[in-house]
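# Chains, contacts and geometry: an overview
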Amino acid sequence: MLVRDRMSAHPVTIEPESSALSALGILQYHHLRHLPVVDATGRLVGILAERDLLLAASRHLHAGMEVSEVMSRDVVVVHPETPLAEAALLMANHHFGSLPVTDAEHTIVGILTESDIFRAFADLDARVKA
């Protein structure tokens, strides 16, 4: 099984110039914990985790904070053709809640979350028991 089989295609994204407050609203509205940060061409430039945003907000209570001030810039990514087991181990070993999925040009094409991994495992288990 490959990442492309389980990733969420066309993920919700945000630009680095967006306000942290709008990022929090997007996370809450879509019930997400991670937002890929992309430039105007759709290339991945970072990832924003809800917990990092909330931590930054608790320390820097000013409304002018931008996503670029909070996002992680050194993002580990996978590609659609990455084996799902490899991606799952990467997530587990590094305590990642998600992995952005990019193409060869580093353009975001999806996101793989812990929930996607759990569903794949549950589906596999159900097939084995059937």
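Quick summary incoming for the structure in this document. (Residues numbered from 1 in each chain as written. Predicted model: local features only at pLDDT ≥ 70, side-chain atom pairs only at ≥ 80, totals over all residues. Heavy atoms only, no water.)

### Here's the deal with the nonpolar core
Generally speaking, nonpolar side chains in soluble globular proteins are found buried as a group. Counting 14 residues, the largest nonpolar core has Ala23, Leu48, Leu53 and Val67 as its most contacted members. The set of elements that each furnish at least two residues to this core consists of helix H2 (20-30), strand E2 (34-38) and helix H3 (50-59). Examining the composition of this core, we find that four residues originate from one element, H2, more than from any other. Discounting residues that sit within four places of it in the chain, Leu48 has contacts with Ala23, Arg33, His34, Leu35, Val37, Leu53, Val67, Val70 and Met71. Counting residues in each nonpolar core, the second largest holds 11 residues, with Val78, Leu84, Leu99 and Ala120 among its members. (Core = buried A, V, L, I, M, F, W, Y, C linked by side-chain atoms within 4.5 Å. Buried < 20%, exposed > 50% of the residue type's maximum accessible area, 1.4 Å probe, protein only. Helix = DSSP H or I, 4+ residues; strand = E, 2+ residues; numbered from the N terminus. Contact = heavy atoms within 4.5 Å.)

### A look at the sheet that holds strand E4 (residues 98-102)
By way of backbone hydrogen bonds, the strands of a sheet pair with one another, either parallel or antiparallel. The three strands are arranged E1-E5-E4 in an open sheet whose pairing can be described as antiparallel. The open sheet terminates on both sides in strands that have one partner only, identified here as strand E1 (8-9) and E4. The strands that helix H5 (residues 114-129) touches are E1 and strand E5 (108-113); relative to E5, the one it contacts most, it runs at about 65 degrees. (Pairing = 2+ DSSP bridges. Axes fitted to C-alpha atoms, helices over the stretch in contact; angles between N-to-C directions.)

### Overview of the side chain of His34
Topologically, His34 is positioned in strand E2. Here Ser98 takes part through its side chain, which lies 3.5 Å from a polar atom of the side chain of His34. Discounting chain neighbours no more than four positions away, the residues touching His34 are Leu27, Ile47, Leu48, Ala49, Gly97, Ser98 and Ile111. (Polar contact = N/O pair within 3.5 Å; in protein donor to acceptor, adjacent residues only side chain to side chain.)

### Description of the side chain of Ser98
With respect to the element layout, Ser98 can be found in strand E4. What makes Ser98 buried here is its relative accessible area of 6%. Those residues in contact with Ser98, other than ones at most four positions away along the chain, are His34, Ile47, Met91, Ile111, Leu112 and Thr113.

By themselves these figures say nothing about function.
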